[in-house]
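Observations on the model geometry
Spelled out from the first residue to the last, the chains are:
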Amino acid sequence: MADKCVAIIPAAGQGKRMNASVNKQFLSLQGMPVIVHTLRVFDECAAVDEIILVAAAGEEHFYRKLITEYEIRKLTGIVTGGRERQDSVYNGVLSIRGGCEIVIIHDGARPLITQDLILKTIAAAQETGAAVVCVPVKDTIKVVGENQRVKKTLDRQLLWQAQTPQAFRYGIFIEAIESARADCFMGTDDTSLVERLGGDVKVVPGSYENLKITTPEDLILAEAIMARRNKQCG
Ligand SMILES: Nc1ccn([C@@H]2O[C@H](COP(=O)(O)OP(=O)(O)OP(=O)(O)O)[C@@H](O)[C@H]2O)c(=O)n1
Ligand SMILES: C[C@](O)(CO)[C@H](O)COP(=O)(O)O
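Residues numbered from 1 in each chain as written. Chains lettered and ligands numbered in written order. Predicted model: local features only at pLDDT ≥ 70, side-chain atom pairs only at ≥ 80, totals over all residues.

Taking an unreviewed UniProt entry as the reference, the protein is identified by name as 2-C-methyl-D-erythritol 4-phosphate cytidylyltransferase belonging to Thermincola potens. Looking at the protein in UniProt, the text filed under Catalytic activity (unreviewed entry) is "2-C-methyl-D-erythritol 4-phosphate + CTP + H(+) = 4-CDP-2-C-methyl-D-erythritol + diphosphate". Looking at the protein in UniProt, the text filed under Pathway (unreviewed entry) is "Isoprenoid biosynthesis; isopentenyl diphosphate biosynthesis via DXP pathway; isopentenyl diphosphate from 1-deoxy-D-xylulose 5-phosphate: step 2/6." (UniProt positions renumbered as here; feature names shortened; annotations may be inferred.)

Bringing the sheet that holds strand S11 (residues 202-205) into the picture now. Ordered by their spatial adjacency, seven strands build an open sheet running S5-S4-S1-S6-S10-S7-S11, and the pairing between neighbours is mixed. Only two strands of the sheet have a single partner each, and these edge strands are strand S5 (75-80) and S11. Taking the axes of each pair of neighbouring strands and ignoring which way they run, one obtains an average angle of 25° across the sheet. With respect to the sheet, helix H2 (residues 60-69) is in contact with strand S4 (50-55) and S5, its orientation differing from that of S5 by roughly 165°. The sheet contacts of helix H3 (residues 85-94) involve strand S1 (5-11), S4, S5 and strand S6 (102-105), and relative to S1 the element is tilted by about 145°. (Pairing = 2+ DSSP bridges. Helix = DSSP H or I, 4+ residues; strand = E, 2+ residues; numbered from the N terminus. Axes fitted to C-alpha atoms, helices over the stretch in contact; angles between N-to-C directions. Contact = placed C-beta atoms within 7 Å.)

Turning next to the site of ligand 1. Residues in close proximity to ligand 1 total 20 residues, the closest being Pro-10, Ala-12, Gly-13, Arg-17 and Ser-88. Of all the secondary structure elements, the ones that give two or more residues to the shell around ligand 1 are S1 and H3. (Near = placed C-beta within 6 Å.)

What follows deals with unusual backbone geometry. In this chain, Thr-164 is followed by Pro-165 through a cis amide linkage whose omega measures 15°. Even without being glycine, Glu-71 reaches a positive phi, approximately 50°. Note that Glu-71 resides in the loop between H2 and S5. The exposure class of Glu-71 is exposed, given the 9 C-beta atoms found within 10 Å. Positive phi, normally seen in glycine, also occurs at Cys-184, with a value near 55°. Take Cys-184: there are 6 C-beta atoms within 10 Å of it, and that puts it in the exposed class. (Buried ≥ 20, exposed ≤ 12 C-beta atoms within 10 Å, placed from the backbone.)

Moving on, we get to the site of ligand 2. Taken together, Arg-85, Asp-107, Ala-162, Gln-163, Thr-164, Thr-188, Asp-189 and Lys-212 make up the full set of residues near ligand 2. For the shell around ligand 2, the element with the most residues is strand S10 (residues 160-169), which contributes three residues. In terms of residue class, the shell around ligand 2 is built from one nonpolar, three polar and four charged. (Nonpolar A, V, L, I, M, F, W, Y, C, P; charged D, E, K, R; others polar.)

With that out of the way, let us pick up helix H1 (residues 34-43). Residue pairs spaced three or four apart in an α-helix point in one direction, given the helix's 3.6 residues per turn. With respect to burial, H1 is a largely interior element, seven of its 10 residues being buried. Within H1 the residues assigned to the buried category are Val-34, Ile-35, Val-36, His-37, Thr-38, Leu-39 and Phe-42. If you follow the buried residues of H1, they end up packed against S1, strand S2 (28-29), strand S3 (32-33), S4, H2 and helix H4 (115-128).

A few words now on the UniProt feature "site: Transition state stabilizer" (unreviewed entry) in the protein. Following the UniProt record, one finds the feature "site: Transition state stabilizer" (unreviewed entry) at Arg-17 and Lys-24. Here Arg-17 is to be found in the loop between S1 and S2. Its 13 C-beta neighbours within 10 Å are what place Arg-17 among the partly exposed residues. Excluding residues within four positions of it along the chain, Arg-17 makes contact with Thr-214 and Thr-215. Within the secondary structure, Lys-24 sits in the loop between S1 and S2.

Structure (structure tokens):
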């Protein structure tokens, strides 16, 4: 187990592609808000010591209510997010008090995460310094240029789709995110910040079930997966 492991949960996006009347993290899945599902898995994971939630400006009090109602015990802070996901993650990491051995970052909008994957990601980060959960790409991926003309087809054997969680030794991540900010580099995930400095990033094979609630059909899929899991449990 890590000396101290802090989970950062970015939940400060606008959810534009979801096109819902409320923030997608507040939408209901099996009768409970998406964000509560996500937080519960981290709260119940023995390897996680603290949770920091990153919320959009003005939404902090909604989260505070949920944290109290659903008794999320390990939450130590709610911080305000930034314009891009990377800015939100930065605000979260900066708010860690007294440092930690491992920081693990997970999208608030991925409620189907499991404790098993969290534990594997933390262990991989302890080994190499940085780790990312990925699944092999299922489709054939083409590079497309101007006028919708295919430039080439990539070798699928080499392609993996990045998810979260992504975990790091604290010092490695601080250096990578500070350096990205200094160079105005904006990554679409967290480990890409370490990759650009030449760091070693280990892939943890994940699950297609760990989907991100991005567009309305994701919610339908997530409902079905959760209903099946609940049935299996009891
Ligand atoms: N400035 C941002 C943008 C995103 N996120 C969070 O990062 C996760 C992954 O982002 P994504 O699913 O792309 O969410 P949105 O940016 O909200 O989606 P969209 O692009 O459709 O607006 C989400 O939990 C989201 O709330 C964040 O904390 N701060
Ligand atoms: C970090 C991430 O979950 C990896 O798949 C994803 O990139 C975040 O979502 P976004 O749509 O890029 O904001």
